[in-house]
Amino acid sequence: MDYTNRLAISYYNTIATINSAHKIYLVQHRETGKIYIKKILDIYNPHIYEYLMEHHIAGIPKLYNVYEENAQLILIEEFISGISLQEMIDNRTLTLDFIVRLMDELCSILKKLHILNPPIIHRDIKPSNIIITSCGHAVLIDFNAAKFLTDTNFHDTVLLGTKGYAAPEQYGFGFSTPQTDIYALGILLKELSLALPIPTTIFDAVISKCTEMNPSDRMETVQELKKEIEKVQNYNCNHPNITHSDDSLNRLQKNFVPPGFRTKTPWKMLTASVVYLFILWLCLSLEVKDASFFQLWLERITALCIMLSVVFCCFDYRNIRRFIPLCTNKKRIVRYLGVLILNFAVVFLLLLVMVLLESIF
């Protein structure tokens, strides 16, 4: 890299730190006074950013300078005013129409990337990498994990992406293709559907098709995904009564189907069945010395309730964790502490009820 870009980057003064851990800063150009974003990347593909700088794609922040030095890539890119999609999910400010419009825009952005020769695969689509502008439009950011699709890439040997959104092939079970981004879009659509004020499963068939383990079983293109989402929306708009009844059923499933059966995944349902049967057998075979018939069955029922409550608290049955603010903390260890406190509280309450019943009867 020549010194021209290095000199150009020196014209930007840092005015604020946006994310020190990820080395993202708000900068201002000395001469024009315009505001930009400066990023210092340790993991990157320089050719991706060079291409995006030379060929700007709508829906992606415009790149103004790219400079590589000391195994780091320094970027100057367009400042996008808005909030992250993750904030909207956390604040529960989503609507069904917004989700459809958002997925439509994301599919349009990815279509422009996937039809390139060779295609660019983003590989890290998630709520925090999507900015919603003040006009309500989606902007896809952070191409740190992006790569070109070439015939020489047989397997992804290093996981670049985010756990939960990364497709199986990103773990070394194949190579990334447009279906890799489609998998992430399916996971995103599922999260958005569950984050609605009244969670819906009207997109379940679409989500299932997007998140197949085998890439060849997924939708082939984002255009196909876009059309399927529009079909679902149009069908539900034309059949409001069916939509209403479906939503009621979805709420029933969401609220009352026990952990292990909510996703209808075969291995999870099998595991859950074994666990529940074992708990039932363990509690019904419980013996208490010198206890009356009533006391024995009270002890058994209490033990069953305690064991099930631990399962329900750990897997957030009926959103029970909402009663403990620690359970919604972004830090994992704090969330675990909140779940532990919730378990203790529920167990204590059940034991207290048992003692009261024994004293009464």
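Scoring rules and cut-offs
- Residues numbered from 1 in each chain as written.
- Predicted model: local features only at pLDDT ≥ 70, side-chain atom pairs only at ≥ 80, totals over all residues.
- Heavy atoms only, no water.
- Helix = DSSP H or I, 4+ residues; strand = E, 2+ residues; numbered from the N terminus.
- Buried < 20%, exposed > 50% of the residue type's maximum accessible area, 1.4 Å probe, protein only.
- Contact = heavy atoms within 4.5 Å.
- Axes fitted to C-alpha atoms, helices over the stretch in contact; angles between N-to-C directions.
- Parallel < 35°, antiparallel > 145°, perpendicular 65-115°, else oblique.
- Left-handed = near helix turned anticlockwise from the far one by under 90°.
- Nonpolar A, V, L, I, M, F, W, Y, C, P; charged D, E, K, R; others polar.
- Salt bridge = Lys/Arg side-chain N within 4 Å of Asp/Glu carboxyl O.
- Pairing = 2+ DSSP bridges.

S.K.: What is the right way to read the overall build of the chain from this model?
M.R.: On a plain count of helices and strands, the chain comes out with eleven helices and ten strands. Per-residue burial over the chain gives 39% buried out of 361 residues. Across the chain, every contact between residues at least 6 apart in sequence was considered, and the portion connecting residues at least 24 apart equals 58%.

S.K.: What exactly am I supposed to notice about the packing of helix H10 (residues 293-314) against helix H11 (residues 332-360) here?
M.R.: Two packed helices can be described by the angle between their axes and the distance between those axes. One way to put it is that H10 packs onto H11 with a least axis distance of 10 Å and a crossing angle of 165 degrees. Looking at the two axes, H10 sits roughly antiparallel to H11. The interaxial crossing formed by H10 with H11 has right-handed handedness. Facing H10, whose interface residues are Phe294, Leu298, Glu299, Thr302, Cys305, Ile306, Ser309, Val310, Cys313 and Cys314, H11 presents Val339, Leu342, Asn343, Val346, Val347, Leu350, Leu351, Met354, Leu357 and Glu358. Within the contact of H10 with H11, the residues separate by chemical class into 15 nonpolar, three polar and two charged.

S.K.: What exactly am I supposed to notice about the pattern of salt bridges here?
M.R.: Pairing is possible between side chains of opposite charge, provided their charged atoms come close. Inspection of every chain in the model, using the stated rule, returns seven salt bridges. One salt bridge in this structure joins Glu228 and Lys231, with 3.4 Å as the shortest N-O distance. Of the two residues, Glu228 and Lys231 are both situated in helix H7 (residues 222-238); the distance of three residues between them amounts to about one turn of the helix. Taking relative accessible area as the criterion, Glu228 reaches 26% and is therefore assigned partly exposed. Between Glu287 and Arg300 there is a salt bridge whose closest N-O contact spans 3.1 Å. A residue pair is termed long-range when its members are at least 10 positions apart, and Glu287 in the loop between helix H9 (266-284) and H10 and Arg300 in helix H10 qualify at 13 residues. A single salt-bridge network, built from bridges that share partners, covers Lys39, Glu77 and Asp142.

S.K.: I tried to follow the sheet that holds strand S8 (residues 130-133) on my own but got confused; where do I start?
M.R.: Through backbone hydrogen bonds, the strands of a sheet pair up, either in parallel or in antiparallel fashion. Spatial ordering of the open sheet is given by S6-S8-S9, a layout of three strands whose pairing is antiparallel. Of all the strands in the sheet, the pair left with one neighbour each is strand S6 (82-84) and strand S9 (138-140). Adjacent strand axes in the sheet meet at a mean angle of 30 degrees, parallel and antiparallel pairs treated alike. Here three bridges tie S6 to S8, and the two strands are oriented antiparallel to one another. Bridge assignment links Ile83 to a residue of S8, and that residue is Ile132.

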